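Here's the letter readout for the chains.
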Amino acid sequence: MSEQPTAAAQTAAPPPSHRQRPPRRRRAFASTLFGYDIFISFALGFSGRGTQSYASDLARQLRERDFSVFYSEDEAAPGEDLDDTLLRALLRSSILVVIANRGTLEAPRWVRTEVETFRKHHPGRPIIPINIGGAMQDAALTEAVRPWLDVHDQIWLDDTEEAIARGVATAAVVDRLSLSPRQLRTAQWWRVTVAGVTLSLLGLAASTGWSAYLAHQNASRAEAEAQRARAAEEHARAELRNSVGLRLRAEAAAMFAGLRPEPDERAMQQLLAALRLAGAARQADAEAEGGLLEALRREKNLVRLIATPTALVGLVVSPGGERLVTADDARRLQLWNARTGARLGEPLEAHPEDIRSLAISPDGRRLVTGSDDTTLRLWAVTDGGIQPDLAFPLTGHADAVRAVAFSPDGRLAASGSDDNTAQIWDVATSQPLGQALVGHAEAVTGLAFSPDGRLLATASNDSSLRLWRVRDGKPLGAPLLGHEDSVRSVAFSPDGTRLVSGAWDGHLIQWDVARGRRIGQPLLGHDGLVRSVAFSSDGRHIVSAGDDGSVRLWDAASGAAVGDALLGHGDSVAAAAFTQTDGSRIVSAGFDGSLRLWNPRSTSPVGEALGTGKARRFVSLAVSPDGKRLAAADETLQLRLWRVASGRDADGPDETPLPTAPQPVLALEFSPDGGRLAAGSMDGSLRRWDGRSGTPIGEAIAAHPGPVSALAWSPDGGRLATGGWDSTVRLWDAATGAPLGPPLEGHSAWIAALAWSPDGRRIVSASADRDLRQWIVATGQPAGPALAGHRNWVLAAAWSPDGRQIVSGSADGNLRRWDPASGNPIGEAMYGHRLWVSSVAFSADGRHIASGSWDHKLRLWQADSGVPIGPALEGHASQIQKLNFRPGGQHLQSVDRNGALHLWAAPPRWPDMLCAKLTRNMSTSQWRRWVSPDIPYIKQCSKLPEAPD
């Protein structure tokens, strides 16, 4: 049977109280004495299994209705008994509520343990499942869970997968649960009343003895009590910080997803606050790190966010891109450093009425503004800020001045007005140059001079554009028609051959200036008014901004959109412009009060391409630990060594061919210090070179009777291990090339990977026979049985820095963790890649695992739990061959079969990367409202100032 909430209840928005601070838990003492009304059992993890956000909200709503609820986000390790806290709470609960989504039912783990334990000790107490998305109506799944959760002839409650995704329990589910324990709760209050009376009587009877007891306590007992009290208080504070951190992360995710209206600045601040609440001594969990990665992914193009107190209505950039000027709706002008986002000087009130337009002179020394007060004003731009350049305004228009522009030589200015005219001005004399330009039927809303200064383009609310000769003010040809609504913005290309315009119809149109015709089809993407258009200095790109809150980049030649829209503004974008000549930086100003610097070319939230690869494919590759050199052998059988420089391929003089046999090189590795390079070939030989100069070291070594398919350097660089198609492993003196003992035999197929333990005493080998084997280096004997569990070739292996874990990657697409001491698997297989896992590595602190795959993606995992961290990292165009963490643990690097080398920021750097996008921390009042008034203020970013209240 099922009790289903109505559709309205399923889709209804959470009540206003959901966004307020949860009320204080008033029943903690009663719970301690008499147990809990409800115990909530749920699964941790990411979308598809994890339901922690939903469970947290369900607990909050039930507590608001005065129920005693036990909810813990701490998951017991697979295969272990419940810890004491969970077990005590479970045994002292009246009702067990199980959040049963498909992922939990397919892999119940500790949820099953909680259900079985509860039923064993309390066979007469109810177990109420919450059926998520109809998972319990799947016959096969229901049959599979029957041994521990028999749902036949049992009442359950229904909720939706949307509720899980939002992390909000529907009102109908809460209402039904509120009815279930009503009698139990009444009985509990009766017990509390009786117990209170009893305790009062006992307290009165024992008061005399208690006073005597206190009198005889010694100083050490008093101190012990104080320590316990402090420990309890600290535990309570830690629980509060943890629960608040969970809420902050859930709210931030909703903000990024557009489910809450708050700006992304607050979302980033809340994520960082949640991280700081956990404390520096505690490693962030996978959900916290995944939240950071998701935030960096969403903000991958954002370089800096500068928040201002009022809406920004205009923006111009100096010709060199070093400075920019904004106008706000408080009628003020502000000068900024375009590189750093720092203010230059104080804001200046410019007009008695709203500023409608502004333009900067070609030399960057003058500014002209237009206003609703019908005037233009000239301003001087200095390093210290903006000052009046003329004591009086330029007058002549009969209505608001909607557009202004400077000529390329700075001698002339032009203005467009709601009086339907345009006017050219002599800047030196501040007088009109000739008669007003009359021709538009409605307001003139946009202006642009041609690069040679001979033409003036005007845009109008009459849906047309016009070209005018500057020398005599005469129109040139017929109006340019093509927009379906008012035209708001216009710009010339740097060579003067094209115009681009933006309009209320959401379209951009390019025009052939000489022919007066439209070029190609409109550029579609904006939804609503296009307020701003501009060409890059090289004319290859166009940037546009509009009322849909987006900034968009276009290829000027093809008209195609370049990358995704730049999103983040919470309101209309007043203007956008390029700040660098190559189009690699964009600045935008919005009605939401934010000034944003963008890098439109960023393709990864935490990655950077150090080399884009070669046209050919490589058979084997290796990258030095410091990432400065790359060695690769291609299908021409030539082995080469490159020096890698950031942002380019290392070709030409930095490419060194290495002498080798006319056989393919299958295995290639740098020594731990990067000073030497070793290669194993198809002919069974092992060769060594100087890792910097490429000079051969010694003679070739006949290592195996067949191809050498794997090799690894010992941690001290003194020994080499090789594996071959003959299924054996061999050890060598790296300096002399002498063999160290007989071959290590045990595998039944070729060796795919080798790894030394951190102390150099063991080697693990991975093979196409689907097993891994450990070997004792001193004796050459196996260290226990094979590590079996993969369903296909084992292609990669690595040791944790403390030697307590081995991680392996396989052609079955999975990773597995192993206990080297027992040879047993640790936890379950780690799923996430679609194709072969070709490389694995531990971070220097042992907290993270990185994996690379033939699906072109990298993934990061928490080493202690095997839980994936956020989405996969994308950027490679080919199968990933190798990856490793750089010394220091702040970066990892990967190389694919095309030789493209990528550098990625590791999780320890992610908080600083998010902080680099911000310019301020929360204010104290924001902390109290958004975080908690009961938790002292903590800076989210140590180097940023606190926002004023």
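Residues numbered from 1 in each chain as written. Predicted model: local features only at pLDDT ≥ 70, side-chain atom pairs only at ≥ 80, totals over all residues. Heavy atoms only, no water.

The chain goes by TIR domain-containing protein in an unreviewed UniProt entry, where it is assigned to Zoogloea ramigera.

## Considering the sheet that holds strand β40 (residues 665–670)
Under the convention used in this document: Only strands joined by at least two bridges in the DSSP assignment are considered to pair. Put simply, DSSP H or I for four residues or longer makes a helix, DSSP E for two residues or longer makes a strand, and each gets a number counted from the N terminus. Axis definition: a line fitted to C-alpha atoms, over the contacting stretch in the case of helices. Angles run 0 to 180 degrees between N-to-C directions.
Within the open sheet, the 4 strands sit side by side as β40-β41-β42-β43. Their pairing is antiparallel. The outermost strands of the open sheet, each flanked by one partner alone, are β40 and β43 (696–702). Strand-to-strand twist across the sheet, computed as the mean angle between neighbouring axes with direction ignored, equals 15 degrees. Sheet topology note: the β40/strand β41 (residues 676–681) ladder contains 5 bridges and is antiparallel. Within β41, the position partnered with A667 by the bridge is G680.

## Notes on the packing of aromatic side chains
Quick note on the threshold: Stacked, tilted and edge-to-face pairs are distinguished by plane angle, under 30 degrees for stacked and over 60 for edge-to-face with tilted covering the rest, among Phe, Tyr and Trp rings (Trp via its six-membered ring) whose centres lie within 6.5 Å. Residue burial is assigned from relative accessible area. The probe radius is 1.4 Å, only protein chains are included, and a residue is buried under 20% of its type maximum, exposed over 50%, and partly exposed in between.
With the rule as written, the count across this model stands at 8 aromatic pairs. Here Y36 and F70 contribute two aromatic rings whose centre-to-centre distance is 5.4 Å and whose plane-to-plane angle is 75 degrees, an arrangement assigned as edge-to-face. Residue Y36 is located in strand β2 (residues 36–41), and its partner F70 is located in strand β3 (residues 69–70); the two are separated by 34 residues in the primary sequence. For F70, a relative accessible area of 10% translates into the label buried. Taken together, a centroid distance of 5.1 Å and an interplanar angle of 20 degrees make the contact between F39 and F70 stacked. Of the two residues, F39 sits in strand β2 while F70 sits in strand β3, which places them 31 residues apart along the sequence. Connected via pairs of aromatic rings, a cluster forms that spans W750, W793, W836 and W854.

## Describing helix α11 (residues 219–256)
What counts, and what does not: Expected helix span is taken as 1.5 Å per residue step, with the number of steps being one fewer than the number of residues. In what follows, a contact means two residues having at least one pair of non-hydrogen atoms within 4.5 Å.
For α11, with 38 residues, the first-to-last C-alpha span of 55 Å sits near the 56 Å given by 1.5 Å per residue. Buried within α11 are the following residues: N242, V244, G245, L246, R247, L248, R249, E251, A252, A254, M255 and F256. Buried residues belonging to α11 abut α12 (264–278), α13 (286–298) and α15 (924–931). Looking one or two residues beyond α11, the residue adopting positive phi is G258, at roughly 80 degrees.

## Regarding the environment of C915
Along the chain, C915 falls in helix α14 (residues 910–916). Separated by 27 residues in the primary sequence, C915 and S942 place their C-alpha atoms 8.8 Å from one another. Discounting residues that sit within four places of it in the chain, C915 has contacts with L272, R276, Q940, C941 and L944.

## Concerning the sheet that holds strand β25 (residues 487–492)
With antiparallel pairing, the 4 strands of this open sheet are ordered in space as β25-β26-β27-β28. On the outer flanks of this sheet lie β25 and β28 (517–523), each paired with one strand and no other. Averaged over neighbouring strand pairs, the angle between their axes works out to 20 degrees when direction is ignored. Bridging between β25 and strand β26 (residues 498–503) involves 5 bridges; their strand directions are antiparallel. Considered in β26, the bridge of S489 is made with G502.

## Points about the packing of α12 against α15
Applied cut-off: Relative orientations are named as follows: roughly parallel for angles under 35 degrees, roughly antiparallel for angles over 145 degrees, roughly perpendicular for angles from 65 to 115 degrees, and oblique for any other angle. Charged residues are taken to be Asp, Glu, Lys and Arg, nonpolar residues to be Ala, Val, Leu, Ile, Met, Phe, Trp, Tyr, Cys and Pro, and polar residues to be all remaining types, Gly included.
Packing of α12 against α15 brings their axes to within 12 Å, and their N-to-C directions diverge by 80 degrees. One finds that α12 runs roughly perpendicular with respect to α15. Residues R266, Q269, Q270, A273 and L277 of α12 form the contact with α15, whose participating residues are W927, W930 and V931. Residues belonging to the contact of α12 with α15 are distributed by class as follows: 5 nonpolar, 2 polar and 1 charged.

## Side note on unusual backbone geometry
Peptide bonds are trans in most cases, and residues, glycine excluded, mostly fall at negative phi. Of note, the phi angle at T374 is positive, near 75 degrees, even though the residue is not glycine. Its location among the elements puts T374 in the loop between β13 (366–371) and β14 (376–382). A positive phi angle, close to 75 degrees, is found at H856, a residue other than glycine. With respect to the secondary-structure elements, H856 resides in the loop between β57 (848–853) and β58 (858–862).

## Let's talk about the pairing of β26
Among the 6 residues of β26, 6 are classified as buried, and the element is accordingly described as predominantly covered. Residues of β26 alternate between two faces, with R498, V500 and G502 on one and L499, S501 and A503 on the opposite face, all of them buried. Pairing of β26 with strand β27 (residues 508–512) involves 5 bridges; the strand directions are antiparallel. Bridge pairing in β27 places S501 opposite I509. Hairpin remark: β26 followed by β27, antiparallel, with 4 residues in the connecting loop; positive phi at G506, about 80 degrees.

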